[in-house]
Structures are given as C-alpha cells and as structure tokens.
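An overview of the molecular structure
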Amino acid sequence: MKILLTGGTGYIGAHTAVEALNKGYEVVLVDNLSNSKKSVVNAIEQITNKKVKFYQKDLCNKKDTFKIIAKEKPDQVIHFAGLKAVGESVKIPLKYYENNLVSTLNVLEAMQSVGCNNFIFSSSATVYGEPKKLPITEEFLVSATNPYGRTKLFIEEILRDYAKANPNLNICILRYFNPVGAHPSALIGEDPNGIPNNLMPYITKVAMKKLPELKIFGNDYPTKDGTGVRDYIHVVDLARAHICAIDKNLENTGVTVYNVGTGVGYSVLEMVQTFEKVNNILVPYSFVARRAGDIPECYASNAKAEKELRFKTQLSLEDMVKSAYEYEKKHN
Ligand code: NAD
Ligand code: UFG
C-alpha cells in the first residue's frame, strides 16, 4: 500500500512515516519545509533503513499538488500539512485560513482526480474549546477560540459535506491531544523555530540552559495543584494511531472521528517534576499569570479509539520526558 504524507517532514509526520515504513508501506512525503528541514528525510531513512520519496512543494499550489498525486496515485493520504501556532494565527489569520484551507481543498480535489478515497486528517483537541466536563468524548460540542482552531473546525465540516456527496469516501479525523517526546533513536523530534510556545520544548531548552527558567502560566486553576492539566501523548504512540486509522479506512465506514490521547491528565508541575527525576536535572521555574486563552484542564476519553481503532498507547510519561531530552541534547 502506498501512503502519501503531506507535512511529512514535520514533527508528527516524520514519526508516522517511520511507523508506516516499518509496517512495510511505501511512503511518499510532501512538504514545503516552511516548518521543517530536509534532513528529516535522511533521518527517516536512517531509522528504517528504507527509501522514502520526498517532494519539496507547497500544497497551496494546485498544479503541483495535482501533478504529485497524479504521478504517485497513493492508496491513502494522511494530511498533516498546516500552520499550527495558536498565537500567530491570531496575528495573521488570513495566512492561516489560506494555507490550511487551500492546501486541504487542493489535496482533496487532486485525490478525487485519481480516484483515491482514503483520507486521514490531523485535527486537534482545540476543537473542544473549554470542555464542560471530563474526560472529553467525541460527541462533545465543538467550538473554536482562535483562527487556528477554526481552520480545524472548518476542515472537519468540509470533510463531512464532501463525504455526504461521495459515499465512497473513507475519512478518519484524528483529534490529537498534546503530543510530546521523540523517537528513541533521537534522530527525529520536535524542533520549533525560535522560543517555543509549548511546554515540553520549553522545558528541554531550560534544562539545556538555553533559556533561564520556565514560566508556569498560572498556579490558581481549579486543578490538583493549581497548574494547567493536559493529556500528553508520546509522539510515537500518536504515530501508531495513524497506522490504525489506515486499517480503519479499509473498512469503508465513511467519516469517523477519534480522540487520540492517553486518557490521563498531568499538571505542569507534574511534568516538570517527572522531567527532573527521570533526566536527573533541575528545571528552574517561576509562576506567572495565566496565559490568555488557556483552559484549566483537558484530557481525552480514549474509549472510542481503543474499541474501534484498536489503538492503545504503550509509552509512559517517563518515556516522553526522557526521549524529549535525549533529542534536545543531540540536536541543540
Ligand atoms: P509541524 O509544523 O511540525 O508539521 C507540519 C508540516 O507541514 C511542516 O513540516 C510544514 O513545513 C508543512 N506545511 C505547512 N504548510 C504547508 C503547505 N502549504 N504545503 C506543504 N507543506 C506545508 O506540525 P506537527 O506538530 O507535526 O503537526 C502536524 C499536524 O497536526 C498539523 O496539522 C497540526 O495542526 C496538527 N496538530 C498538531 C498538534 C501539536 O501539538 N503538535 C496538536 C494537534 C494537532
Ligand atoms: N505552559 C506553561 N508554560 C509554558 C508553556 C506552557 O506553563 O511556557 C502550560 C500551559 O499553560 C498549559 C500546558 O503548559 O497548561 C500545556 O501548554 P502547551 O502550550 O504545551 O499546550 P496547549 O494545551 O496550550 O496547546 C497544545 C497546542 C494546540 C493544540 C492543543 C491540543 O499548542 O495547538 O495542544 O492538542 F490545539
């Protein structure tokens, strides 16, 4: 089976490429390298000892997108490509709408032109806004608080409309919770540009003394220790969920939506303490005001993914913090 991964040199795409290659699938990557590096292609090949085909192209370019998909004729497409920084999306919303929506439409149309009906989409737990209760199930109402989240909601709606008109389509929407960590080889991992927005890459930079201290956004939330709680999932587990989704699409079930998390919430302080203990290093921190737009607590019900995708996470919080630090030490 041939799988085409858009955004395939990105953080989650690269880890999924490794899992797909290990499973014996043929893998094609497309990425404009706006948020990743070409060296990732070699890293994937080094880990798997297999060849991958890579196209450095922008999926907002319709002609290029059609050309690649017509040439490759993939059996399934996993669509990771997109801009993902919440704060940036508030500042340059049109860029986010253009990049995330136009690229998706181009990919879908190009797939249609070659009769490829199997699509997996990277959505996000951000579509749940501030949940009224926990854990979050797939039936919860969805809403968006920023343009990035709205691109995910819009694309989910587009996919439902498209599937209604085309009963042959198999579409799996995966709503990721908080992916962290890196491949155990430390050859691929999370590599954000500039100062990280997200917790784990910020912690690793503080541990490496690249940043003086972690600022913990709020210690007055109604949570176990006052700091924000999230459902962190190891990126290798998340990558494996895509392999389950590939199988699911073969069952011809139309549009399906799954949370991909561990079902367990950890606080910021628990993350820091686990990181310190496992890696035997101090992470200085101070408490500052809450970050605008943050919610107190968020974790998934993973019952549906366990039952229907037969997906179960295998890696622990210790694996997450260890691999994240190993990657940082090797690369920065
Ligand atoms: P990433 O930025 O590492 O990967 C996305 C890749 O898409 C990048 O390599 C980028 O260069 C590429 N890209 C962007 N626009 C493109 C375009 N027009 N044409 C071709 N390539 C393009 O991000 P990631 O963390 O791997 O996330 C993958 C997907 O998962 C994204 O859609 C993101 O919104 C979603 N997601 C991520 C998280 C997270 O916390 N990392 C959480 C929920 C959902
Ligand atoms: N945090 C800090 N200090 C930091 C960074 C984060 O205290 O420097 C805290 C946040 O307040 C939050 C927790 O750490 O309580 C996690 O924050 P992240 O920024 O790592 O993750 P978010 O849950 O805010 O958001 C992430 C992605 C979104 C995605 C969401 C759900 O950035 O795009 O997970 O998947 F939608």
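Let us look at the structure shown here. No experiment lies behind these values; they were computed from the predicted model shown.

A short note on the packing of aromatic side chains
- Enumeration over the complete set of coordinates arrives at five aromatic pairs.
- Ring plane angle 65° and centroid distance 5.6 Å describe the contact between Tyr285 and Phe287, whose orientation is recorded as edge-to-face.
- The class for Tyr285 is partly exposed, based on a relative accessible area of 34%.
- Under the relative-accessibility criterion, Phe287 is labelled partly exposed at 37%.
- Here the aromatic residues Tyr128, Phe140 and Phe177 are joined through ring pairs into a cluster of three or more.

So, the site of ligand 2
- In the neighbourhood of ligand 2, 22 residues make up the surrounding shell, with Ser124, Phe177, Arg230, Arg291 and Asp294 lying closest.
- Measuring from an oxygen atom of ligand 2, one finds a side-chain N or O atom of Arg291 at 2.8 Å.
- For ligand 2, the protein covers 88% of the area, taking 690 Å² as the surface of the free molecule.
- Elements supplying a minimum of two residues to the shell around ligand 2: helix H7 (199-207) and strand E8 (214-217).
- Among the elements that take part in the shell around ligand 2, E8 stands out by supplying four residues, more than any other.
- For the shell around ligand 2, the per-class residue count stands at twelve nonpolar, six polar and four charged.

Examining the environment of Ser301
- In this fold, Ser301 is placed in the loop between strand E13 (285-288) and helix H10 (303-309).
- Taking the C-alpha atoms as reference points, Ser301 and Pro135, 166 residues apart in sequence, are found 5.1 Å from one another.
- Setting aside its immediate chain neighbours within four residues, Ser301 contacts Pro135, Ile136, Thr137, Glu138 and Asn259.
- A polar atom in the side chain of Ser301 sits 3.4 Å from the backbone nitrogen of Ala303.

Observations regarding the nonpolar core
- Ranked by size, the top nonpolar core spans 40 residues in total, and within it Leu5, Val27, Leu29, Ile44, Leu174, Leu309 and Phe311 carry the most contacts.
- Counting residues per element, the ones that place at least two in this core are strand E1 (2-6), helix H1 (11-22), strand E2 (26-31), helix H2 (39-48), strand E6 (170-176), helix H8 (235-249), strand E11 (255-260) and H10.
- Excluding residues within four positions of it along the chain, Leu29 makes contact with Leu5, Gly8, Thr9, Ala17, Val41, Ile44, Val52, Lys53, Phe54 and Tyr55.
- Core analysis: the next-biggest nonpolar cluster, separate from the first, contains 26 residues, Ile155, Leu159, Leu169 and Val257 among them.

Quick word on the sheet that holds E11
- Pairing is parallel across the open sheet formed by seven strands, whose spatial order is E3-E2-E1-E4-E5-E6-E11. The open sheet has two edge strands, strand E3 (53-56) and E11, and neither has a second partner. Averaged over all neighbouring strand pairs, the angle between strand axes comes to 20°, with direction disregarded.
- On the sheet, H1 packs against E1, E2, strand E4 (76-79) and E6 and is oriented at approximately 165° with respect to E2.

Considerations on the site of ligand 1
- Around ligand 1 there are 27 residues in total, and Asp31, Asn35, Ser36, Lys84 and Tyr148 lie nearest to it.
- At a separation of 3.5 Å, an oxygen atom of ligand 1 approaches a polar backbone atom of Gly10.
- Asn99 has a polar side-chain atom sitting 2.8 Å from a nitrogen atom of ligand 1.
- Protein contact buries 95% of the 820 Å² of open area that ligand 1 shows by itself.

Things to note about the environment of Lys152
- Tracing the backbone shows Lys152 in helix H6 (residues 147-165).
- Placed 46 residues apart in sequence, Lys152 and Asn106 show a C-alpha to C-alpha distance of 16 Å.
- Ignoring sequence-local partners within four residues, the contact set of Lys152 consists of Phe121, Ser122, Ser123, Ser124 and Val127.
- At 2.8 Å, the side chain of Lys152 and the backbone oxygen of Ser122 are in polar contact.

The rules behind these values
Residues numbered from 1 in each chain as written. Chains lettered and ligands numbered in written order. Predicted model: local features only at pLDDT ≥ 70, side-chain atom pairs only at ≥ 80, totals over all residues. Heavy atoms only, no water. Phe/Tyr/Trp six-rings, centres within 6.5 Å; stacked < 30°, edge-to-face > 60°. Buried < 20%, exposed > 50% of the residue type's maximum accessible area, 1.4 Å probe, protein only. Near = heavy atom within 4 Å. Polar contact = N/O pair within 3.5 Å; in protein donor to acceptor, adjacent residues only side chain to side chain. Areas by Shrake-Rupley, 256 points an atom, 1.4 Å probe, with all protein chains shown as cover. Helix = DSSP H or I, 4+ residues; strand = E, 2+ residues; numbered from the N terminus. Nonpolar A, V, L, I, M, F, W, Y, C, P; charged D, E, K, R; others polar. Contact = heavy atoms within 4.5 Å. Core = buried A, V, L, I, M, F, W, Y, C linked by side-chain atoms within 4.5 Å. Pairing = 2+ DSSP bridges. Axes fitted to C-alpha atoms, helices over the stretch in contact; angles between N-to-C directions.

Function cannot be inferred from these measures alone, as they are strictly geometric.
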